[in-house]
Amino acid sequence: QVQLAESGGGLVQAGGSLRLSCAASGPPFINYHMGWFRQAPGKAREFVAAISWPGTSTSYTDSVKGRFTISKGSAKNTMYLQMNRLKPEDTAVYYCAAAEEMGKVVAGIPESWGQGTQVTVSS
């Protein structure tokens, strides 16, 4: 099973930017599709974005389209989420997820979850 570690969260003013990273470690012969989820206080965890293993296919929830960009590093075991024009409603704990099937990532049923990183956007 792959292990995931997020980094890059923090406090930013509305309109600002942050870049989240997720490093995956595990069996090198398994190609993982990956994604980002977030959970705000008192709310359910929600899908944010997903990217296929080779990085050729992406998916976003409507509320972040045009503001967030998901990408992968050249080694394919690192994923990024560039978040621009942040809004207070983007405040949440952001989680990295990975699965052997892209559909499982998008559906929120991945094989692995990271521990999460806090993103706080002040108004």
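See the structure printed just above.
What counts, and where the lines are drawn
Residues numbered from 1 in each chain as written. Predicted model: local features only at pLDDT ≥ 70, side-chain atom pairs only at ≥ 80, totals over all residues. Heavy atoms only, no water. Salt bridge = Lys/Arg side-chain N within 4 Å of Asp/Glu carboxyl O. Helix = DSSP H or I, 4+ residues; strand = E, 2+ residues; numbered from the N terminus. Buried < 20%, exposed > 50% of the residue type's maximum accessible area, 1.4 Å probe, protein only. Core = buried A, V, L, I, M, F, W, Y, C linked by side-chain atoms within 4.5 Å. Pairing = 2+ DSSP bridges. Disulfide = S-S within 2.5 Å.

By the definition in use, this model includes five salt bridges. Between D90 and R38 there is a salt bridge; the shortest N-O distance is 2.9 Å. Taken together, the positions of D90 in the loop between strand 8 (78-83) and strand 9 (92-99) and R38 in strand 4 (residues 33-39) put the pair 52 residues apart, joining distant regions of the chain. Judged by relative accessible area, which is 1%, D90 ranks as buried. Residue class for R38 comes out buried when judged on its relative accessible area of 6%. The salt bridge involving R67 is made with D90; its shortest N-O contact spans 2.7 Å.

Grouped together as the largest cluster of nonpolar side chains are 28 residues, with contacts concentrated most on M34, W36, L81, M83 and Y94. Among the secondary structure elements, those contributing two or more residues to this core are strand 3 (18-25), strand 4, strand 5 (46-51), strand 7 (68-72), strand 8, strand 9 and strand 11 (117-122). Core analysis: the second largest hydrophobic core is formed by seven residues, F37, A97, A99 and V105 among them.

What follows covers the pairing of strand 8. On a regular strand, one side chain projects to one face of the sheet and the next to the other, so that they alternate. Taken together, the six bridges between strand 3 and strand 8 define a ladder with antiparallel strand orientation. Within strand 8, the residue paired with L18 across the bridge is M83. Across five bridges, strand 7 lies against strand 8 in antiparallel orientation. Bridged to S71 within strand 8 is Y80.

Going through the model one piece at a time under the given rule, you end up with one disulfide. Between C22 and C96 runs a disulfide, and the two sulfur atoms are separated by 1.9 Å. Its S-S torsion of about -75 degrees marks the bond between C22 and C96 as left-handed, since a negative value means left-handed. Taken as a pair, C22 in strand 3 and C96 in strand 9 lie far apart in primary sequence, 74 residues in all. For the pair shown, C22 and C96 are each scored as buried.

The quantities given are spatial measurements derived from coordinates; they are silent on function.
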